[in-house]
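Residue-level structure breakdown
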Amino acid sequence: MKIGRYGFEVAARKEGGFSVKSEHLEILNPNNEQSAFYRVAEGELKEASAPTMPKAVPDRLYLVVASGIPEFREVYDSLTAMGFYNLSPEAMKELQSPDAGELLHRDGDNIASVIARLEKDGGDEKARVETYLGKIVSGIESVKRQALGPRETVEFKQRVKGAKDPWSFGASSMSDGTLRALGTLVAISQLVNAKERVLVVGIEEPETALHPAAAQALMDALNEGKEHTQILITTHSADLLDKLKFEDASVLAVETLEGQTWIGPIDEASKTAVREHLYSAGELLRMDQLQADRNDLRRQETSTLFGGDE
């Protein structure tokens, strides 16, 4: 299996806007030998493995134009097969313009179209979404696209005490936690059986606005979803860390040092505490002892991927 290493640095310009300060890609073959590479700095191509390469420009990532060259296309395709979500209940409550519903938008503002497409596909993904949502929010039986003239929204069917039949509620009547949970479930299920699946799903704080008891059902869905899609989540919740099932190598700590944000694996002391069941990852977070490995942060700082001298 080939391995790709890709990184870039974006800098603010004095005259306004941003530029790509540096960008680097290398592809290693199964023998760990470099098979293809390029390096761009300040809008200029400095070196490359291919004899003919397109021109670099300072305000665009070079990989976009380099993807026309076969050896770099696989990296581009892998990166574009990722979905990252900061779901917005406000956007999901608004009446939406219909689209093909192939992929959920970053804020979830086309969720009605994606749900309609899941239903049309005829698989069990929509039923799975509804089952988990019913566990997260008591009484919910189904969700579906509801057309309102040229626009659309999501309609929820929910059992109400004393009513013979479930009541219908539009997205604008649902809580923020319910909508965020629905968006998370759809994001991890949207292309499970498709030929071109979403390879990585990243979700910003999926537990936000959820009651702690309801978060357990959401975590069960995430644990099931990771069997077919790589899932990345960011969280400040120690309870969520305790509910997820993962190896210690899957936990990355985020730290801000001298105005710079760094992400790295947790340090060896934290890994040992988790492995030997001295503390859980959540307990370490509560004690502010879930720290990034300083050796790895130093390695990142000097890595050629980010313009260092290594």
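Scroll up to find the structure this text is about.
None of the values given here were measured: they were computed from a predicted structure.

Rules used in this analysis
Residues numbered from 1 in each chain as written. Predicted model: local features only at pLDDT ≥ 70, side-chain atom pairs only at ≥ 80, totals over all residues. Heavy atoms only, no water. Core = buried A, V, L, I, M, F, W, Y, C linked by side-chain atoms within 4.5 Å. Buried < 20%, exposed > 50% of the residue type's maximum accessible area, 1.4 Å probe, protein only. Helix = DSSP H or I, 4+ residues; strand = E, 2+ residues; numbered from the N terminus. Contact = heavy atoms within 4.5 Å. Arc of directions from axis to C-beta. Polar contact = N/O pair within 3.5 Å; in protein donor to acceptor, adjacent residues only side chain to side chain. Pairing = 2+ DSSP bridges. Patch = residues over 30% accessible without salt bridge, like charges linked within 9 Å, V, L, I, M, F, W, Y side chains within 5 Å. Areas by Shrake-Rupley, 256 points an atom, 1.4 Å probe, with all protein chains shown as cover. Salt bridge = Lys/Arg side-chain N within 4 Å of Asp/Glu carboxyl O.

Some points on the nonpolar core
Leu133, Ile136, Val154, Phe156 and Leu182 are the most contacted members of the largest nonpolar core, which has 40 residues in total. At the level of secondary structure, the elements contributing two or more residues to this core comprise α4 (111-121), α5 (125-136), β6 (140-148), β7 (151-158), α6 (176-189), β9 (200-204) and α7 (212-225). Residues Tyr38, Val40, Ala50 and Ile69 belong to the second largest nonpolar core, which totals 14 residues.

Observations concerning the side chain of Ser67
Mapped onto the secondary structure, Ser67 falls in the loop between α1 (62-66) and α2 (70-80). With residues up to four places along the chain from it excluded, the contact list for Ser67 reads Phe72, Arg73 and Tyr76.

Looking at helix α11 (residues 294-302)
For α11, the full list of buried residues reads Asp296, Leu297 and Gln300. The arc that holds every buried residue of α11, seen down its axis, measures 100 degrees, which confines them to one face. Two to three positions downstream of the cap, the backbone nitrogen of Asn295 sits 2.8 Å from a side-chain oxygen, assigning the N-cap of α11 to Asp293.

Quick notes on the pairing of strand β5 (residues 82-85)
Only one face of β5 is buried: it carries Gly83 and Tyr85, and the other face, with Met82 and Phe84, is open. Sheet analysis places β5 next to β9, joined by four bridges and oriented parallel. Its bridge partner being in β9, Tyr85 is matched across the sheet by Ile203.

Looking at the environment of Met82
Its location among the elements puts Met82 in strand β5. You can call Met82 partly exposed: its relative accessible area is 29%. For the pair Met82 and Ser19, spaced 63 residues apart in the sequence, the C-alpha separation amounts to 23 Å. Not counting residues up to four positions away in its chain, the partners in contact with Met82 are Val198 and Val200.

A look at a nonpolar patch on the surface
Judged by side-chain polarity, Phe8, Val10 and Phe18 come together as a nonpolar surface patch covering roughly 300 Å² of accessible area. Summarising the element assignment, Phe18 is placed in strand β2 (residues 18-28). A relative accessible area of 57% places Phe18 in the exposed class.

Describing unusual backbone geometry
Phi at Asn32 is positive, roughly 65 degrees, even though this residue is not glycine. Positionally, Asn32 belongs in the loop between β2 and β3 (34-41). Located in the positive-phi region is Glu205, a residue other than glycine, with phi close to 45 degrees. Relative to the helices and strands, Glu205 resides in the loop between β9 and α7.

Considering the environment of Val186
Position of Val186 relative to the elements: it lies in helix α6. Sequence-wise, Val186 and Pro150 are 36 residues apart; in three dimensions their C-alpha atoms are separated by 23 Å. Sequence-distant contacts of Val186, that is, excluding residues within four places in its chain, are made with Leu104, Ile111, Val114, Ile115 and Val129.

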